[in-house]
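# Inside the fold
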Amino acid sequence: MEDFKQQQNYQYQEQQQQQQKKEQQKQVEFRKQAPDYKICQNCGHQNEPSAKFCEECGDNLDSNPKCPNCNADVYEGADICESCGAWLLNGKCCFCYADITENDKFCPECGNPTAGITCPKCGTLNIFDFCKNCNTPLTEAAIAEIQKVNSNPFFQNLNKLADEINSVSIDPLEEQQLQQQIIEAEQQLQQEQQKSDEAAKKEEKIQKMLRLEQFLNKNNAVDRTTNPQPKTENKPIISEQHKKMLERAKQNMAGYAARKAAIQDKQREMQAELNKVAQLTFASGQEARRFFEATRPKMGSAWECNYVHFIHPGPHECARPDLGGRWIITDAKNIIHLS
């Protein structure tokens, strides 16, 4: 039984990973379509390619800057292209924004490679302080940011809440199994009740026939005594075992529902705390990305930017994280706004 449950948990985890890959693929497809739109620099609205003025605010769209790598519209003040991820600030270090030349292999200010850093854990090439694929800290600034965050009481409380949430097990497979057990037990009891009702009707019919026979014998001239047959004592058709199974499954379901409600309360509490960070702004995009990656919740999450309120997998895909944003706690399939 334990092996079977472990196998189901493994299958569920695989399903979760596949679902996450699908969501990431949707984001990629959306990014591929982005160059087909004209992005308004004033309000962030996506306009049709043929539009000359923004459909939302009326701003002139012909002056929109373009990405030199993919020719997509880019936001004013952006340091990366959201469509292809290219670094837009030519001649600036992608980690600290210091001036660099084409011959500089390392930034003279921060010492990081000007071409980016390959993550030692997953092999992804990054122009960020944290790996965009596995969130591994890649620079001294990233490590310092983590130490700073870990010493902050506000984020210590957030980590404590995350640990409390992660310590409680609410496996959706368990809920499905309990629901199935309840359905099967109720169906079994319903079938047994139907058989019991049919047996009672049959017995009633037999007793009516016996009473009629007794009445007719009394009125006949034949001098004989008849004794009506006693009622047949049948064994109970409704199984006590199935009743107990149903009761036990309902109790287990109630326990599961209580655990799930407790987790959701903790998630709401944590989301309310995460929302407080949304008011922060930063001197640069990379400073914002360092901060938000260092404060990434230890659970499923997505990042919503303040600029156009687009939901990104993380701030590394946002062109204007310096304007702030917030982490949103998610489940495996959908983004849940817990306000």
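Everything quoted here is computed from the prediction, not taken from an experiment.

### Some words on the sheet that holds strand β7 (residues 325-329)
The sheet built from 3 strands is open, its strands ordered β6-β5-β7 with antiparallel pairing. In this open sheet, the two strands that pair with only one neighbour each are β6 (311-312) and β7. Taken together, the 2 bridges between strand β5 (residues 301-305) and β6 define a ladder with antiparallel strand orientation. By the bridge assignment, Trp303 is partnered in β6 with His312.

### A short note on the packing of aromatic side chains
In this structure the tally under the stated criterion is 8 aromatic pairs. Plain terms: the ring middles of Phe291 and Phe292 are 5.1 Å apart, the flat faces sit at 80 degrees to each other, and that makes the pair edge-to-face. Taken individually, Phe291 and Phe292 each receive the classification buried, so the pair is uniform in this respect. Cluster of aromatic residues (ring-pair linked, three or more members): Phe154, Phe155, Phe282, Phe291, Phe292 and Trp303.

### Some remarks on the pattern of salt bridges
When the charged atoms of two side chains with opposite charge come close together, those side chains can pair. Taken as a whole and assessed by the stated rule, the structure comprises 13 salt bridges. Of the charged contacts, one joins Lys276 and Glu273 as a salt bridge, the two residues approaching to 2.9 Å between their closest N and O atoms. Here Glu273 and Lys276 lie together in helix α5 (residues 240-276), a separation of 3 residues that amounts to about one turn. The partly exposed category is assigned to Lys276, whose relative accessible area is 45%. Glu273 sits in the buried class, given a relative accessible area of 16%.

### Focus: the confidence of the model for the protein chain
Averaged over the protein chain, the pLDDT score is 81; the fraction of residues at 70 or greater is 80%. Low pLDDT, under 50, characterises residues 222-226; the stretch is placed with 2 contacts to residues that sit more than four places away or in other chains. Below a pLDDT of 50 lies the segment residues 332-339, which in the model reaches 23 contacts outside its immediate sequence neighbourhood of four places, other chains included.

### Side note on the nonpolar core
With 48 residues, the main nonpolar core has Met270 and Phe292 as its most contacted residues. Elements represented by at least two residues in this core include exactly α2 (140-150), α3 (153-167), α5, α6 (285-294), β5 and β7. One finds Leu178, Ala185, Ala249 and Tyr256 within the second-largest nonpolar core, a separate group that totals 8 residues.

### Topic: α6
When you tally the buried positions in α6, you get 9 out of 10 residues, the bulk of the element. Considered for burial, the residues of α6 that qualify are Gly285, Gln286, Ala288, Arg289, Arg290, Phe291, Phe292, Glu293 and Ala294. For α6, the elements touching its buried residues are α2, α3, β5 and β7. Two or three places before Glu287, at the start of α6, stands the capping residue Ser284, its side-chain oxygen 3.2 Å from that residue's backbone nitrogen.

### Here we look at unusual backbone geometry
The backbone of Tyr97 sits at a positive phi, close to 70 degrees, despite the residue not being glycine. Along the chain, the position of Tyr97 falls in the loop between β2 (46-47) and β3 (117-118). The backbone of Asn135 shows a phi angle near 70 degrees, a positive value even though the residue is not glycine. By secondary structure assignment, the location of Asn135 is in the loop between β4 (125-126) and α2.

### Some words on α3
Because an α-helix completes one turn every 3.6 residues, residues spaced three or four positions apart along the sequence face the same direction. Between the first and last C-alpha of α3 there are 21 Å, a value that for 15 residues agrees with the 21 Å anticipated at 1.5 Å per step. Inspection of α3 places Phe155, Leu158, Leu161, Ala162 and Ile165 among the buried residues, and these make up the whole buried set. Each buried residue of α3 lies within a common arc of 110 degrees when the element is viewed along its axis, so the set occupies one face. For α3, exposure combined with an orientation more than 90 degrees from the buried face picks out Pro153, Lys160 and Ser167. The inward-facing, buried residues of α3 abut α2, α5 and α6. Residue Asn152 occupies the N-cap position of α3, its side-chain oxygen lying 2.8 Å from the main-chain nitrogen of Phe154.

What counts and how
- For every chain, the first residue of the written sequence is number 1, and numbering continues from 1 along that sequence.
- Note on the predicted model: pLDDT of at least 70 is required for a residue's local features to be given, and 80 or more for side-chain atom pairs to be given and counted; whole-chain, interface and lining totals, by contrast, use all residues.
- Neither water nor hydrogens contribute to the side-chain values; these are computed over all heavy atoms in the structure.
- DSSP-based pairing: two strands are paired if at least 2 bridges between them are found.
- Only runs of H or I of at least four residues qualify as helices and only runs of E of at least two qualify as strands under DSSP, and these elements are numbered from the N terminus.
- Note on ring pairs: Phe, Tyr and Trp rings are taken, using the six-membered ring of Trp, and paired if centres are within 6.5 Å. Classes follow the plane angle, with under 30 degrees stacked, over 60 edge-to-face and the rest tilted.
- Remark: exposure states derive from per-residue accessible area (1.4 Å probe, protein chains only) relative to the maximum for the residue type, with buried under 20%, exposed over 50%, and partly exposed in between.
- Counted as salt bridges are all cases of a side-chain nitrogen of Lys or Arg within 4 Å of a carboxyl oxygen of Asp or Glu.
- Across the chain, each position has a pLDDT score giving the predictor's confidence in that residue, from 0 to 100.
- In this description, contact between two residues means that some pair of their heavy atoms is separated by no more than 4.5 Å.
- To qualify as a nonpolar core, a set must consist of buried Ala, Val, Leu, Ile, Met, Phe, Trp, Tyr and Cys residues joined through side-chain atoms within 4.5 Å.
- Polar contacts here mean pairs of N or O atoms no more than 3.5 Å apart (in protein, one a potential hydrogen donor and the other a potential acceptor; neighbouring residues in sequence count only if both atoms are side-chain atoms).
- Helices are assigned an expected span. That span is 1.5 Å times one less than the residue count.
- Here the arc refers to the directions that run from the helix axis out to each C-beta atom.

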